[in-house]
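Per-entry structural report
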Amino acid sequence: MKATIRERIKQNKSKRSSQNKIEKIMPMVFLLMASISILVTAGIVFTLFRETVLFFSHVSFINFITGTEWYPFFGNDPSYGIWPLLSGTFTIAAIAMMVAIPIGLAAAIYLSEYASDRNRKVLKPVLEVLAGVPTVVYGLFALTFVTPLLQTFIPDLPIFNALSPGIVVGIMIIPQIASLSQEAMNAVPQSMRDGALALGATRLEVALKIVIPGSFSGIVSSLVLGLSRAIGETMIVSTAAGSTPNLGFTPTESIQTMTSYIVQVSMGDATFGSTIYYSIYAVGMTLFLFTLTMNILANHISRRYREVY
Amino acid sequence: MKNKVVVANEKQISKRITRNKLAKGLFLAATLFGMIVLATLIVRIVTQGIGYLDFGFLTSYASRRPEDAGIKAAILGTVWIMSITIPVSLILGVGTSIYLEEYAPKNKFTRFIELNLANLAGVPSVVFGLLGLTVFVRLLEMGRSILAGGLTMSLLILPVIVVASKEAIRSIPQEQYEAAYAMGATKWQIIRTVVLPAATPGILTGAILSLSRGVGETASLLMIGAMTFIAYTPTGVLDGFTVLPIQIFSWASRPQVEFQAVAAAGSIVLLIILIVMNSLAIVIRNKYSKRY
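Here is what the cut-offs are and how they apply
- Residues numbered from 1 in each chain as written.
- Chains lettered and ligands numbered in written order.
- Predicted model: local features only at pLDDT ≥ 70, side-chain atom pairs only at ≥ 80, totals over all residues.
- Heavy atoms only, no water.
- UniProt positions renumbered as here; feature names shortened; annotations may be inferred.
- Core = buried A, V, L, I, M, F, W, Y, C linked by side-chain atoms within 4.5 Å.
- Buried < 20%, exposed > 50% of the residue type's maximum accessible area, 1.4 Å probe, protein only.
- Helix = DSSP H or I, 4+ residues; strand = E, 2+ residues; numbered from the N terminus.
- Contact = heavy atoms within 4.5 Å.
- Buried area = accessible area lost by both parts, 1.4 Å probe.
- Salt bridge = Lys/Arg side-chain N within 4 Å of Asp/Glu carboxyl O.
- Polar contact = N/O pair within 3.5 Å; in protein donor to acceptor, adjacent residues only side chain to side chain.
- Nonpolar A, V, L, I, M, F, W, Y, C, P; charged D, E, K, R; others polar.

Per an unreviewed UniProt entry, chain B carries the name Phosphate transport system permease protein PstA and comes from Alkalibacterium putridalgicola. Quoted verbatim from the Sequence similarities (unreviewed entry) field of the UniProt record, the comment on chain B reads "Belongs to the binding-protein-dependent transport system permease family. CysTW subfamily." Per its UniProt entry, chain B bears the Subcellular location (unreviewed entry) comment "Cell membrane".

The name an unreviewed UniProt entry assigns to chain A is Phosphate transport system permease protein, from the organism Alkalibacterium putridalgicola. Reading the Function (unreviewed entry) entry of the UniProt record for chain A gives the comment "Part of the binding-protein-dependent transport system for phosphate; probably responsible for the translocation of the substrate across the membrane." Taken verbatim from the UniProt record of chain A, the Sequence similarities (unreviewed entry) comment is "Belongs to the binding-protein-dependent transport system permease family. CysTW subfamily."

Here you go:
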């Protein structure tokens, strides 16, 4: 009998020690998995940086950031000035924001201040569906529906133009702006609304004078995030905006954005190691820096300037 | 007789009320605008593509003639890509969220990981494509293969899965942990027997929603070099591939109107797949999620 008890204690001990081992190993395993996300970021920064440096050994950095001509496919005399691509990108983003800001904010105000619970339960999921439509389908929609529709108002609008994809990109980011802004507005305490209503304010006055000032940081941060998405949008622009680098705000002409240039080159099978091949990394780096700055900015705004209730 | 002040006041009040009503109408119109666009988009895509949508469309390869074109290779490609993306992104995503919710000490490193994930979620997918192209396709010499595409896609949706899993884990009430601790359970035992079972529906819902984003994702795979014309069935993870959205894009960018209709037919199939996935997520959420 004694032996068995001793054995049992031994067994228990060995079991516990193996358990202890698992207890020690598991956190490390999970830490490893969590670190992968950092590795991914490091990978993005590293690859972009390395190939961008290689690109600048072919093309001067000053020419790249000050140049106003983007003709990478000009056989003997290509020029790599980023401005036409930047202006294309911001043309799209500007049109998109002109559509998305008023409609997105108005929808957010309606959902947060006017809609009954029942209406909200129907309307919000529909907006989410709108956010779930693949961008390539939006692109097809822009090319085969919105452009012809616009052509009935603007007869000499070419088939590839900035206006139509700009509007559709705007439609795509409406749900994001609406739902993020609505969340910010929801954080304004009900007692403040009740106070204003009790003093005889209309709902509109409550929205404009109480809710919007109270949730301003959240609203601005949602707009910045929306802008960042508009800048990074690829497929709608590639499908419907054409591929003509164009300097200046030219909504009724074909343009090229940073994203659609990257797609164009990667579709065309640029020779590995050529200047054109490296140029997509330089453009990608520019794009990455823009969106990263905006995301950090949005984060900062919503944290730093948040009203605490 | 009313005096002048009261009359002026009443005038002003009625003006304010009208303004409120007007604004309400405008706000409602803005909210409905999204619905109208969605309805227009669906009606438009369906009427445009329904003529090409038949059984042959699902079972034939891409073709130079619009009436023979099909999406067999694209659907198989999507299935192959998902067969890599689902395990990789789930394991990494759930692992990361378990670390962040259960183990991570409140220090700078943890905050750095969280900030990093938030920023990663905002990186344009075309940049993820550049990463995949450089690291998977060239550096690790996977070529323009299903493996490279699947891994790129996994990294792309990782931040979304982490956010969803974290929320699912966070919604487990503290009492459950305490009960398990009181019985002498260790941390890992609690995670295995309490946390994971309770969080599974939430994780699954989030995972399906992020995978449905992956199914519609185009730009990053285009960068990897998914082909637009494939007339064979992939037999392994190192084969070339195409996926549904890329097939749609390549048809949409052809000048012929017929191919745009074929693209619309492909879009119908894509939208149906997404609707099925989203409904599945909603069903899981409603059926298995517990309220504590």
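As a rule of thumb, nonpolar side chains are buried together in soluble globular proteins. Residues Ile44(A), Tyr138(A), Tyr261(A) and Trp251(B) are the most contacted members of the largest nonpolar core, which totals 151 residues. At 17 residues, the largest contribution of residues to this core is made by helix H3 (residues 83-114) of chain A. Setting aside residues no more than four positions away along its own chain, Ile44(A) makes contact with Phe288(A), Leu120(B), Val123(B), Val127(B), Phe128(B) and Leu131(B). Residues Ile38(A), Ile113(B), Ile172(B) and Val194(B) belong to the second largest nonpolar core, which totals 28 residues.

Take the interface of chain B and chain A next. Many authors give the size of an interface as the accessible area that is lost as the parts come together. Every contact between the two is made by 71 residues of chain B and, on the other side, 77 residues of chain A. Contact between chain B and chain A buries roughly 6,500 Å² in total, counting both sides, with carbon and sulfur atoms accounting for 78%. Between Glu205(A) and Arg16(B) there is a salt bridge, with its nearest N and O atoms 2.7 Å apart. Where chain B packs against chain A, one counts 14 residue pairs in polar contact (both at pLDDT 80 or more). Of all the secondary-structure elements, those providing two or more residues to the side of chain B that touches chain A are helix H1 (4-49), helix H3 (72-103), helix H4 (108-121), helix H5 (125-139), helix H8 (187-215), helix H9 (219-224), helix H10 (244-252) and helix H11 (257-288) of chain B. At 21 residues, the largest contribution of residues to the side of chain B that touches chain A is made by H1(B). Taken together, the residues of the side of chain B that touches chain A sort by class into 47 nonpolar, 17 polar and 7 charged.

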